[in-house]
Amino acid sequence: QRCGVLYDMKRYAEAAAELRHSAVLRPDALDCRLYLGYAVMNRALQQRWAMIEQGLGMAAPDAAEKDMIEALEVLLEAQALDPTEPNTYVSLAQTLMGLGMSDAGTDLLKPIAQDAANGARDPFYQHLHVDSAVAEQVIRQLRSALDRGDVRWRIPVAQPCTGGRLGSVQRSAVAYLTSDSSSDLTDLAMSLGLLRSHFFDVHGMYSVIVFHDSLQEHHMSFLQSAFGAGCPLSFQRISLEASAPISTDTHFRYFHQAPHQGVGYRSMCRYFSGPIFEHEAMRGLDYYMRLDTDSFFLHPLPEDPFKRVRDQGAVYAYLTTATEEGSMCIGLEEEMTTAVDRLARHAMTQPRRKAEQWDRTFFYNNFEVTAVQFWRSDAYREVFQALDASGGFFSQRWGDGPVRSIALRLMAEPSKVMKLARISYWHQTFVTLPRQ
């Protein structure tokens, strides 16, 4: 990338896969195939979106389906090279999900599930490994399906909402934030379909809010179709980057520690840390569930998370934790501690609870259920304003997960934070498939 050669990922990966090891360059065959598989899958998704944008319908062109099958075959080569690499199973599952084959995609995640008796293991990535026996079984099943010609593009058909049961917790909603990229919108369509079938059809319907800064009418129509005609899906346009104090001249000075997470990503972290709760669409809510575009419920939920949080009187609920990199949270705990102590002196909040120094563990909040009022309190607003004024969301890449976690640690009773179990869920390399 420094040499400026990575213009065509597929061409690069194909060439790199053929290189021989030398004293100068030692390309990794596994990485090359993972790159190539992703590139071919992405090309297929772009072909499909081109048809949607031209008003040619939901079906995928034959070339796109062939590309998806080629991506699977390349990824199977990667799996054969190293059956213990977890990311290969994630990429296989992503490709199958992109084809609309959610059950087959779920099967490919079974070898890396991070489950324990009381829910997902914490922090999840320390328990990321491959169960070789399960892996052998699911790979054999996938190869057989390819040989039979059973792997093809499936267009899920969501039934329209006509009446139906409402969720039991009033003033609650699910919220997403998306871009207009073909991969994000493909993921979001699948996520909405699984949210509908595995949550709402079981426990009752809730409203869904999609925050965005660039969706067009055909994008919204596609997502509404995936969710179901007449189902409560609203789109809220926001401006993420308006508050970014960063120009092109200062970009690299700010982003040296995480150059792949630029203004857009950091603006997203800032937005979820505070401004989202001030948006008009959120003001009438008591509870909200956050899902990322690539957050997927893999099986029917055994209970309504909103009801569980309300009945327990909880402020916050999560599935697992992660650990933040030290270079991405410089000064965050100190800034928040200072703000909370200042509030305590002015009697705006209870004195800060005595606690050990933060160990950089945070709630992995691509899934979360929380009481909105906590984040709309005068005390938390003051804390967020102090963080925002410091510029740390952009200069230090402070994440919204660590902000959530430190705020709850300093300002909420431990009994008000709960871990949810028995929810089958997938986000990137985090997979929990509890026994139903």
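Provided above is the structure to which this section pertains.
Residues numbered from 1 in each chain as written. Predicted model: local features only at pLDDT ≥ 70, side-chain atom pairs only at ≥ 80, totals over all residues. Heavy atoms only, no water.

## Structural notes on the pattern of salt bridges
Across all of its chains, the model carries 19 salt bridges by this definition. For Glu333, the salt bridge identified is with Arg409, shortest N-O distance 3.5 Å. You can see Glu333 sitting in helix H12 (residues 332–345) and its partner Arg409 sitting in helix H16 (residues 400–411), a full 76 residues away along the chain. For the pair shown, Glu333 and Arg409 are each scored as buried. (Salt bridge = Lys/Arg side-chain N within 4 Å of Asp/Glu carboxyl O. Helix = DSSP H or I, 4+ residues; strand = E, 2+ residues; numbered from the N terminus. Buried < 20%, exposed > 50% of the residue type's maximum accessible area, 1.4 Å probe, protein only.)

## Remarks on the state of the cysteines
In this structure the tally under the stated criterion is 1 disulfide. Covalent S-S linkage joins Cys161 and Cys231, the inter-sulfur distance amounting to 1.9 Å. The chirality of the disulfide connecting Cys161 with Cys231 is right-handed, given an S-S dihedral of about 85 degrees. Placement of the pair is Cys161 in the loop between helix H6 (132–148) and strand S3 (172–178) and Cys231 in the loop between helix H8 (217–227) and strand S5 (233–237), with a sequence separation of 70 residues. (Disulfide = S-S within 2.5 Å.)

## Quick look at the packing of aromatic side chains
This model, assessed by the stated rule, comprises 27 aromatic pairs. The interplanar angle of 50 degrees and the centroid separation of 5.9 Å between the aromatic rings of Tyr425 and Phe430 together place this pair among those described as tilted. Summarising the burial analysis for this pair, Tyr425 and Phe430 share the class buried. Through successive ring pairs, a cluster of aromatic residues spans Phe124, Tyr125, Phe199, Phe200, Tyr206, Phe227, Phe297, Phe306, Tyr364, Phe367, Tyr425 and Phe430. (Phe/Tyr/Trp six-rings, centres within 6.5 Å; stacked < 30°, edge-to-face > 60°.)

## Focus on the sheet that holds strand S12 (residues 417–419)
Strand order in the open sheet formed by 7 strands is S5-S4-S3-S6-S11-S8-S12, with mixed pairing between adjacent strands. The strands lining the two open edges of the sheet, one partner per strand, are S5 and S12. Shown here is a sheet whose adjacent strand axes are inclined to one another by a mean of 20 degrees, direction ignored. Of the strand pairs in this sheet, strand S4 (residues 207–212) and S5 are connected by 5 bridges, and their pairing is parallel. Opposite His212, over in S5, you have Arg237 as the bridge partner. The strands that helix H7 (residues 182–203) touches are S3, S4, S5 and strand S6 (287–291); relative to S3, the one it contacts most, it runs at about 165 degrees. (Pairing = 2+ DSSP bridges. Axes fitted to C-alpha atoms, helices over the stretch in contact; angles between N-to-C directions. Contact = heavy atoms within 4.5 Å.)

## Examining the side chain of His427
Tracing the sequence through the fold places His427 in strand S13 (residues 425–427). Looking at His427, its side chain comes within polar contact range of the side chain of Gln428, at 3.5 Å. When sequence neighbours within four positions are dropped, the list of residues in contact with His427 reads Asp292, Asp294, Ser295, Tyr364 and Asn366. (Polar contact = N/O pair within 3.5 Å; in protein donor to acceptor, adjacent residues only side chain to side chain.)

## Here's the deal with unusual backbone geometry
Cis geometry marks the peptide bond from Asp122 to Pro123; its omega dihedral reads -25 degrees. Inspection of the secondary structure puts Pro123 in the loop between strand S2 (119–120) and H6. Backbone geometry at Arg397 places phi at a positive 60 degrees, although glycine is not the residue there. The topology assignment puts Arg397 in the loop between helix H15 (392–395) and H16. You can call Arg397 buried: its relative accessible area is 4%. One non-glycine residue, Gln428, adopts positive backbone phi at about 55 degrees.

## Structural notes on the packing of helix H14 (residues 378–390) against H16
Closest axis-to-axis distance for the H14/H16 pair is 12 Å, and the angle between their directions is 135 degrees. The pairing of H14 with H16 is recorded here as oblique in orientation. Two packed elements cross with a definite hand, and for H14 against H16 that hand is right-handed. For the pair H14 and H16, the contacting residues are Ala379, Tyr380, Val383 and Leu387 in the first and Val403, Ala407 and Met411 in the second. Classifying every residue of the contact of H14 with H16 by side-chain character gives 7 nonpolar, no polar and no charged. (Parallel < 35°, antiparallel > 145°, perpendicular 65-115°, else oblique. Left-handed = near helix turned anticlockwise from the far one by under 90°. Nonpolar A, V, L, I, M, F, W, Y, C, P; charged D, E, K, R; others polar.)

That is the geometry; function is a separate question.
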